[in-house]
Structure formats: C-alpha cells, structure tokens
Amino acid sequence: IGDTISWAGTFELVDSAGAPISTAGVVARSQIRTPAGVLVAELSVTHSADTITLRSVGSTQAWPPGPAQIDVQFTLPGGQVVSTSTVTLMLVRDVTREEPAP
C-alpha cells in the first residue's frame, strides 16, 4: 500500500486440447478485490505474444490492508472468456511513507 505496482511475467493461452491460442485481438483485464468481493482497484493490463504486465492506476494509498484476491481475465475475439487462477495476496501498508502535516 502506497507503492506503484508493476508486475510482469510470461503467459500462454491454450485451447482445451493444449494447443496455443494467438493473442491477436485478445482483451485482458485484471482487478484486485477483497475476499468479500469489494473492488480495490482495476489494474492496467498490457500484453504481447507471451508477456503480460499489470500496473496500478493512480495512488494505492487508500487500499485497505489485509488479504486481497487477483486474477487476469482474457476475452478472445470470438467472445470466449478465459481467466487465470485466482491468487490471494496480502496488502501491507508501507513502513516508510509520507505522514500528513499536523
């Protein structure tokens, strides 16, 4: 909490037979939500053939500390929706941060 988030990694979309699916025309979204389903943030998602980057948009200062969940949802050109597994992460407030003036 308080930091700019930027996560990058590789990925591959495959069909039910395990064959790679082209990422041309694929739209990707990612959100962070509390376990109760409350939206914490919509992330910016960019991707190429095999690389994906998730970034925070705006300040993360108001994010609630505690457990949160994240996934990435891909919408294929034909309208099919495929999501990654949901991952639980812990949002932790920075120790080093700006304090409001008294």
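Use the structure listed above.
Residues numbered from 1 in each chain as written. Predicted model: local features only at pLDDT ≥ 70, side-chain atom pairs only at ≥ 80, totals over all residues. Heavy atoms only, no water.

Colleague: Explain the overall build of the protein here, please?
Modeller: Of the regular secondary structure elements, the protein holds zero helices and seven strands. Starting at the N terminus and walking to the C terminus, you meet the elements of the protein as β-β-β-β-β-β-β. Taking 13 Å as the expected radius of gyration for a compact globule of 102 residues, we find that the protein reaches 16 Å, considerably beyond that expectation. Structurally, the protein occupies a C-alpha span of about 60 × 25 × 20 Å along its principal axes. With 102 residues in all, the protein has 29% of them scored as buried. By element, 56% of the accessible surface of the protein is carried by carbon and sulfur atoms, the whole surface being about 6,600 Å². Taking the 5 positively charged and 9 negatively charged side chains of the protein as two groups, their mean positions are separated by 8 Å. (Helix = DSSP H or I, 4+ residues; strand = E, 2+ residues; numbered from the N terminus. Rg over C-alpha atoms; globule rule 2.2 N^0.38 Å. Buried < 20%, exposed > 50% of the residue type's maximum accessible area, 1.4 Å probe, protein only. Areas by Shrake-Rupley, 256 points an atom, 1.4 Å probe, with all protein chains shown as cover. Lys, Arg positive; Asp, Glu negative; His and termini not counted. Charge placed at Lys NZ, Arg CZ, Asp CG, Glu CD.)

Colleague: Sorry, what's going on with the packing of aromatic side chains here?
Modeller: Any two aromatic rings considered together are summarised by their centre-to-centre distance and by the angle between their planes. For the structure shown, the criterion picks out one aromatic pair. Measuring from centroid to centroid gives 5.3 Å for Phe-11 and Phe-74, while their planes differ by 15 degrees, and the two rings are stacked. Note that Phe-11 is positioned in the loop between β1 (6–10) and β2 (27–33) and Phe-74 in strand β5 (residues 66–75), a separation of 63 residues in sequence. Exposure remark for Phe-11: the relative accessible area of 15% places this residue in the buried category. (Phe/Tyr/Trp six-rings, centres within 6.5 Å; stacked < 30°, edge-to-face > 60°.)

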